[in-house]
Each structure stands twice: as structure tokens, then as C-alpha cells.
Amino acid sequence: GRQDIDLKNYIRHIPDFPKPGILFYDISTLMRNPDAWQIAMGRLTRQIAPLQPDMLAAVESRGFLTAAPIADRMGCGMLMLRKSGKLPGQTISHTYDLEYGSDTLEIQADAVKPGQRVVVMDDLLATGGTLAASIELLRKAGAEVVGASVLVELTGLGGRSKLDTTVTSLLSYE
Ligand code: 5GP
């Protein structure tokens, strides 16, 4: 039946994107199939529900795609973690190192109430740099981070070990 669907068949692998030598895991082929996308969102919701979040934090930009339908299914709120300069009003920012250079993520200063339970969401976990920075930023803003959730985890890069919270993923690749 429908629930036996292997969601890995809907993830497309694109070599040499965005740079030569990088294999890109493309979730747009999963999103384009209504059955596969609905099943994926249902399974992610069931992974996250036991963490009992008050809010989902969505990492720009593909984290927005999974967090919004899941927040709606769970009846919890959501917030955006964005690149610098995109969010209106007072913000808190966190700058983190990349392989070459650095990047900054921001959150609205009043996005979480102190101690609110937050699960942070992105499409994919690779080195863990993005989610580790997201978790630090959420803590600066007063959140209790109770988990990190991704659709796809690339286990060979050890990203999970950089995250001091419960990590769940739907599909994992060596
Ligand atoms: P990390 O910080 O864990 O090394 O990389 C994860 C971040 O880069 C996520 O925000 C994710 O959207 C993006 N990313 C890196 N590689 C891929 C990939 O192969 N596919 C997709 N969809 N996103 C990727």
C-alpha cells in the first residue's frame, strides 16, 4: 500500500552542484509527487510529535518547506531563522564559521518566550554546521531546544555529533 513507498526513490542526486565534486541531494523531486510528499510530512510529524514542541524553528530556506506543513499538522507555532538583514524589527544574530568565510543567522528577538520547547528543522544534515549555529542562536533567544529534525541525513560527515540535542532524520545515507 501507500505506506510502503520508499521515499529514497524520490530524492534525486545531482553531481557537481553547487560545485565540482559535490553530490547534491535534491528534495524537489520528492515535493513534486503529492503522495510521496504527504507521506514524508506524515512520517516527519510522527518523529517530532513525541518531543512535544511549542514551536518549530525553520532554517532558511528549505527548512521552511518542511516546518510549515508540520507545524500545521501538530497545531504548534513556527518561527524563521534567516540570513542577515531579512527579518524586520529587533533581531538577535549569530555568526558561525564556514569552510571558507562565515555566515550569519538571525531570529526575531521576541520569537520565543523563555523556556519554550523548540524543535529546529532543516531539509538536510551534512557537516552539522548550520544546525549547530541554529541551536546556539535559539538558545541565545531563550528557547529550550528539544530536538533537531531533518528529512535527509548524510551520516558519513558526522554532523549529528555536533548537535547536543535529540536528532531525528527520515532518510539517511552513508
Ligand atoms: P551543513 O551545515 O550540515 O554542512 O549543511 C546543511 C545545510 O546545507 C542545509 O541548510 C542544507 O539545506 C544545505 N545542503 C548542503 N548539502 C545539501 C544537499 O546535498 N542537498 C540539500 N537539499 N541541501 C544541502
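On a predicted model such as this, the values are computed, not experimentally measured, just so you know.

Asker: Please set out the site of the ligand residue by residue, giving values where relevant.
Answerer: Neighbouring the ligand are 15 residues; Tyr-25, Ala-126, Thr-127, Gly-129 and Thr-130 lie closest to it. Of all the secondary structure elements, the ones that give two or more residues to the shell around the ligand are strand S2 (23-26), strand S7 (117-125) and helix H4 (129-140). Sort the elements by how many residues they give to the shell around the ligand and S7 lands first, with 4 residues. Class assignment for the residues of the shell around the ligand results in 7 nonpolar, 5 polar and 3 charged.

Asker: Residue-level account of H4, with values.
Answerer: When the terminal C-alpha atoms of H4 are compared, their 17 Å separation across 12 residues agrees well with the 16 Å that a helix rising 1.5 Å per residue should span. The set of residues buried in H4 consists of Thr-130, Leu-131, Ala-133, Ser-134, Ile-135, Leu-137 and Leu-138. Packed against the buried residues of H4 are strand S3 (55-59), strand S4 (77-83), strand S5 (91-97), strand S6 (102-108), S7 and strand S8 (144-154).

Asker: So what's going on with the nonpolar core? Residues and values would help.
Answerer: Leu-56, Ala-57, Ala-58, Val-118, Val-120 and Leu-138 are the most contacted members of the largest nonpolar core, which has 43 residues in total. Discounting chain neighbours no more than four positions away, the residues touching Val-118 are Pro-53, Asp-54, Met-55, Ala-57, Val-112, Leu-138, Ala-143, Glu-144, Val-145 and Val-146.

Asker: Could you give me a rundown of the confidence of the model for the protein, with the residues and numbers involved?
Answerer: Close inspection of predicted coordinates is inappropriate in any region flagged by low pLDDT. Residues with a pLDDT of 70 or more make up 100% of the protein, whose mean pLDDT is 97. With a pTM of 0.97, the predicted complex shows an ipTM of 0.99.

Asker: Explain the environment of Ile-39 residue by residue, including any values.
Answerer: Along the chain, Ile-39 turns up in helix H2 (residues 34-48). Here Ile-39 falls in the partly exposed class, since 19 other C-beta atoms lie within 10 Å of it. Note: C-alpha distance between Ile-39 and Tyr-173 (134 residues apart in sequence) is 19 Å. Discounting chain neighbours no more than four positions away, the residues touching Ile-39 are Arg-2, Gln-3, Ile-5 and Leu-7.

Quick notes on the rules
- Residues numbered from 1 in each chain as written.
- Predicted model: local features only at pLDDT ≥ 70, side-chain atom pairs only at ≥ 80, totals over all residues.
- Near = placed C-beta within 6 Å.
- Helix = DSSP H or I, 4+ residues; strand = E, 2+ residues; numbered from the N terminus.
- Nonpolar A, V, L, I, M, F, W, Y, C, P; charged D, E, K, R; others polar.
- Expected span 1.5 Å × (residues − 1).
- Buried ≥ 20, exposed ≤ 12 C-beta atoms within 10 Å, placed from the backbone.
- Contact = placed C-beta atoms within 7 Å.
- Core = buried A, V, L, I, M, F, W, Y, C linked by C-beta atoms within 7 Å.
- pLDDT = per-residue confidence, 0-100.

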